[in-house]
Amino acid sequence: MVRAEGAIERLPLTVLSVDVETLEVQLEGGAPPSQGMSGATVFLGEQPIGLLVDVDPAAGTGRVARLDRVFERLGPYFAATLPVSSLRAPAASVVGQGHGAALEVVRWTAEPVTVVNGARALTEQGLSPWRVPADARAEVVLRLLPGTVMTGVTLLLNGLPDPPRTVEIMGGRSESGPWQWIAAFPLEPGDREVTRSVAPIRLPYLMLRASGAQLGRETMALGGLRVESR
C-alpha cells in the first residue's frame, strides 16, 4: 500500500475465507487494519489478486474484491477478451432439450472421470451425472437456442454427495467470451436443485464454471443445467 508520505509498504496477510466475489483477509500478527488501507492492491507472491475495498478494525479483518471477478464484470463494457482455459470441442454436436431451453455443449476444459460422466449430462435427462476430478479447472461452454430470452438458471443436483462448492454462470456473445457474470450457486451435498432468477437477458452462449470440491471428495458432479426462458 502507499502511505500518506508516498512510501510503499508491503504487509503480510492471511486469507481467512474465499467466496465467489471476495476474500476475507487479516494482517499477520493480528494488527488491526486501518481505514487508510482501503484501495490497496493485494498480491499473492508477485501476482496481484485483489483490491482491499473495506476494513473492519474492530474485527481485525478486511474485504478484498477478487481481480478475476472485477475483470469479468468490466470486460463486456470495454470489449476486453478475457483469457479462457484451453477448451476442448466435442467430436460431435451434443444437443439436449431435456432440462429446459435447448442447449448445445460447445467446449469443455476438464475430462470426465469416466466415459459415461461426460458434459452431455448437463443438457440431457436420464444420463449419469457430469463428474470431473476434484482438482480440475472445470469450465463448460454451452450454446443456447437462437432467440432464447433467459429468465433464470437451475442446477440439478438430485442429492449428489459431491457437488462443487461453487458454480458460476456467465454469458457471452461468442463461445470465447468476453464473459458477463450472471449468477453464482453455493452448493451443499444433498441439495436437490438450486435456482437463480435473473433479469431477462438474451445471450447466445453460457459458461458454467465449477470450483472447489467438498471436503474429502475426489470428484465434483452435477446432474444437469436447466435454463428458464420465455
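Structure shown above.
Residues numbered from 1 in each chain as written. Predicted model: local features only at pLDDT ≥ 70, side-chain atom pairs only at ≥ 80, totals over all residues. Heavy atoms only, no water.

Asker: Describe in detail the overall build of the chain, supporting the description with residues and values.
Answerer: Helix and strand counts for the chain stand at 1 helix and 16 strands. Considering the chain as a whole, with its 230 residues, one finds that 45% of them fall into the buried category. Restricting the contact set of the chain to residue pairs at least 6 apart, pairs at least 24 apart contribute 64%. Summed over all atoms, the accessible surface of the chain reaches about 11,800 Å², with 54% contributed by carbon and sulfur. (Helix = DSSP H or I, 4+ residues; strand = E, 2+ residues; numbered from the N terminus. Buried < 20%, exposed > 50% of the residue type's maximum accessible area, 1.4 Å probe, protein only. Contact = heavy atoms within 4.5 Å. Areas by Shrake-Rupley, 256 points an atom, 1.4 Å probe, with all protein chains shown as cover.)

Asker: Tell me about the packing of aromatic side chains, and please be specific about residues and values.
Answerer: Going through the model one piece at a time under the given rule, you end up with 0 aromatic pairs. The residue whose ring lies beneath Arg10 is Phe43, and the NZ or CZ to ring-centre distance is 4.5 Å. (Phe/Tyr/Trp six-rings, centres within 6.5 Å; stacked < 30°, edge-to-face > 60°. Lys NZ or Arg CZ within 6 Å of the ring centre and 35° of its normal.)

Asker: Report on the sheet that holds strand β4 (residues 47–56), specifying residues and quantitative values.
Answerer: Strand order in the open sheet formed by 5 strands is β1-β2-β5-β4-β3, and the pairing between neighbours is antiparallel. Every other strand in the sheet has two partners, leaving β1 (13–18) and β3 (41–44) as the edge strands with one partner each. When the angles between neighbouring strand axes are averaged without regard to direction, this sheet yields 40°. Strand direction decides the pairing type here: strand β2 (residues 22–27) and strand β5 (residues 61–66), joined by 4 bridges, are antiparallel. Counterpart to Val25 in the pairing with β5 is Gly62. (Pairing = 2+ DSSP bridges. Axes fitted to C-alpha atoms, helices over the stretch in contact; angles between N-to-C directions.)

Asker: Kindly report on the layout of surface pockets, identifying the contributing residues and their values.
Answerer: Any empty space left between the atoms is revealed when a probe the size of a water molecule rolls over them. Of the pockets and cavities examined, the second largest pocket occupies roughly 500 Å³. Taken together, 26 residues line the second largest pocket, and the ones lying closest to its centre are Leu11, Leu13, Thr41, Val42 and Phe43. For the lining of the second largest pocket, the elements supplying multiple residues, two or more each, are β1, β2, β3, β4 and β5. Residue contributions to the lining of the second largest pocket peak at 4 residues, all from β3. Tallied by class, the residues present in the lining of the second largest pocket amount to 17 nonpolar, 7 polar and 2 charged. (1 Å grid on protein atoms, 1.4 Å probe; cavity = no way out; pocket = protein on both sides within 12 Å on 5 of 7 lines; lining within 4 Å. Points joined across faces, edges and corners; volume = space filled by probe spheres on them. Nonpolar A, V, L, I, M, F, W, Y, C, P; charged D, E, K, R; others polar.)

Asker: Talk me through the pattern of salt bridges; I want residue IDs and the actual numbers.
Answerer: A side chain of one charge can pair with a side chain of the opposite charge if their charged atoms are brought near each other. Under the defined criterion, the tally for this structure stands at 9 salt bridges. Here Arg137 ties to Glu139 by a salt bridge, and the two come within 2.9 Å at their closest N and O atoms. With relative accessibility at 1%, the residue Glu139 sits in the buried group. The shortest N-O distance in the salt bridge between Glu139 and Arg209 comes to 2.9 Å. In this pair, Glu139 sits in strand β9 (residues 138–144) while Arg209 sits in strand β14 (residues 205–211), placing the two residues 70 residues apart along the sequence. Residue classification places Arg209 among the buried residues on the basis of a relative accessible area of 10%. By sharing partners, the salt bridges in this structure join Arg137, Glu139 and Arg209 into a single network. (Salt bridge = Lys/Arg side-chain N within 4 Å of Asp/Glu carboxyl O.)

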